[in-house]
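# What the coordinates show
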Amino acid sequence: MYLQEEQQKTYQENGFLLLDNLFDKAQIKAITAKVSTVSWKNTPGTVLEEDQATVRGIHEDPTENGFLDKISKNALIVEPAMQLLGSKVYIHQLKINFKAAFSGDLWPWHQDYIFWQKEDGMPTPRAVNVVIFLEEVNEFNGPLCLIPGSHQEGVISSLNQIEQDYAASEDSKWISSFQSNLKYTTPEQTIIKLVEKYGIEAPKGKPGTVLFFHPNCVHGSANNISPFSRKIAIITYNSIDNIPIAVDNPRPDFLVGRDYRAIKPLPEQALIL
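Summary of the structure given here. (Residues numbered from 1 in each chain as written. Predicted model: local features only at pLDDT ≥ 70, side-chain atom pairs only at ≥ 80, totals over all residues. Heavy atoms only, no water.)

### So, the nonpolar core
Rules: Throughout this description, the term nonpolar core refers to a set of buried Ala, Val, Leu, Ile, Met, Phe, Trp, Tyr and Cys residues connected via side-chain atoms within 4.5 Å. Relative accessible area decides the class of each residue, using a 1.4 Å probe on protein chains only: under 20% of the type maximum gives buried, over 50% gives exposed, and in between gives partly exposed. Between two residues, a contact is recorded if the distance between any of their heavy atoms is within 4.5 Å.
Counting 37 residues, the largest nonpolar core has F23, I77, I132, F212 and Y237 as the members making the most contacts within it. Setting aside chain neighbours within four positions, we find I132 in contact with F23, I28, I71, I77, T209, V210, K231, I232, A233 and I235. V47, Y113, F115 and A127 belong to the second-largest nonpolar core, a separate cluster that totals 15 residues.

Rendered as C-alpha cells:
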C-alpha cells in the first residue's frame, strides 16, 4: 500500500498522519491474544509503572520472532514508511506501550529522536514511528497528544534535570528512557510557545487504526483515569541510509535493532500468527 500525494503532504506539514482501520480485526486479535497470555514482570525489556506491578511497556528484539515480527514487516505499513523516508528501511525498535485502566501513568512532553541520537548514534531523524492501535484510543484513556508542525523546529528536547542528578546502575540506565520521569523532555515554557504557534491534536480511533509520526514531533500523554485500557504497538523504521554510528555503552538488543538489512515487505493480507 502506498500513500496518496495528499496524505504525504499532511505528514510533511503536520509531522503525523492517521489512517483509520488499516488492519482488520483478525490481525489485531492475533497480537492481543498472545500478549494477554504472557507474564511480563520479570521479562527483559519490560518497564513497570511506579507501583512496580503494572506493566507500562515491553520491548522486543527485532531480530527475533516475537509478537510484532510479522505485522512489522507487513506491506500496509512498510511501504508507506519507505515512501515517507525515500529509501528502503529496517526496524530500529519494536515495543508495546500499555496504559492500564485507572493506573496508566503519563508520558511527559518529549521528542523521540533525541533518544536515538544520544543513546544509539542515529545520525539524522530520517526515521518514522508507526503506531498501531491494539485497543480503542479515545479521549478518556490517555491518548497520544501531538503538536502538529513541531517536527519542523528540530531537536528541542533536553536532558531532564532530575536525570542529571540520578545515579542509576549500569544495568538499569536504559529504563529512564521509558519511565514517567523521562530522561529527555521538552521544557514547559517551550511547550507553551509551541502550542500557541501550532496547537495540539490527539488522534483517536478503533483497533487497527495506524498513526505515522515524525521522531521530532513533540508529543506526550496524560494519566489514564478511565476504566478503558489503552494498548498500542510502536514500530520504528529507520532508513538504510541512516545507520547509527557506534556509541559507548550501547543499549540492549531488545531496545535497538542492529540488523540493517532492508525489510522485504510481506503481502498485505499475510496472517499475523
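### Concerning the sheet that holds strand β4 (residues 89-99)
As a reminder, the rule being used: Strand pairing is assigned whenever DSSP identifies at least 2 bridges connecting the two strands. Segments assigned H or I by DSSP are reported as helices when at least four residues long, segments assigned E as strands when at least two residues long, and all are numbered from the N terminus. For every element, the axis is a line fit to its C-alpha atoms; helices are fit only across the contacting stretch, and the angle between N-to-C directions ranges from 0 to 180 degrees.
A sheet is described by the order of its strands in space; here seven strands give the open sequence β1-β10-β6-β12-β4-β3-β2, paired in antiparallel fashion. Of all the strands in the sheet, just β1 (16-19) and β2 (47-48) have a single pairing partner and so form its edges. Bridge count between strand β3 (residues 55-60) and β4: four bridges; the pairing is antiparallel. Directly across from E60, in β4, lies its bridge partner L94. Strands β1, β6 (127-133) and β10 (210-213) of the sheet are contacted by helix α1 (residues 5-14), whose axis makes an angle of about 140° with β1.

### A short note on the pairing of β3
Across the six residues that make up β3, a large majority, six, are buried. As paired elements, β2 and β3 share two bridges and run antiparallel to each other. Paired with L48 across the two strands is V55, which belongs to β3. In this structure, the hairpin formed by β2 and β3 is closed by a connection of six residues, where Q52 is found at a positive phi of approximately 60°.

### Focus on the side chain of D61
Rules: Under the convention used here, Asp and Glu are negative, Lys and Arg are positive, and both His and the chain ends fall outside the count. Salt bridges, as used here, are contacts in which a Lys or Arg side-chain nitrogen is within 4 Å of a carboxyl oxygen on Asp or Glu. Polar contacts, as used here, are pairs of N or O atoms within 3.5 Å; protein pairs need one atom able to donate a hydrogen and one able to accept it. Residues neighboring in sequence count only if both atoms are side-chain atoms.
Summarising the element assignment, D61 is placed in the loop between β3 and α3 (75-85). R258 provides the closest opposite charge to the buried, unpaired D61, separated from it by 7.5 Å. Of note is the side chain of D61, whose polar atom sits 2.8 Å from the side chain of T63. D61 has contacts with D253 and F254, leaving out every residue within four places of it along the chain.

### Description of the pattern of salt bridges
For the coordinates displayed, the defined rule picks out 10 salt bridges. For the salt bridge of R56 with E49, the shortest nitrogen-to-oxygen distance reads 3.1 Å. Each of the two residues, R56 as well as E49, counts as buried. Across the salt bridge formed by K206 and E136, the nearest N and O atoms sit 3.6 Å from each other. Of this pair, K206 sits in the loop between α6 (188-198) and β10 while E136 sits in the loop between β6 and β7 (145-146), and the two are 70 residues apart along the sequence.

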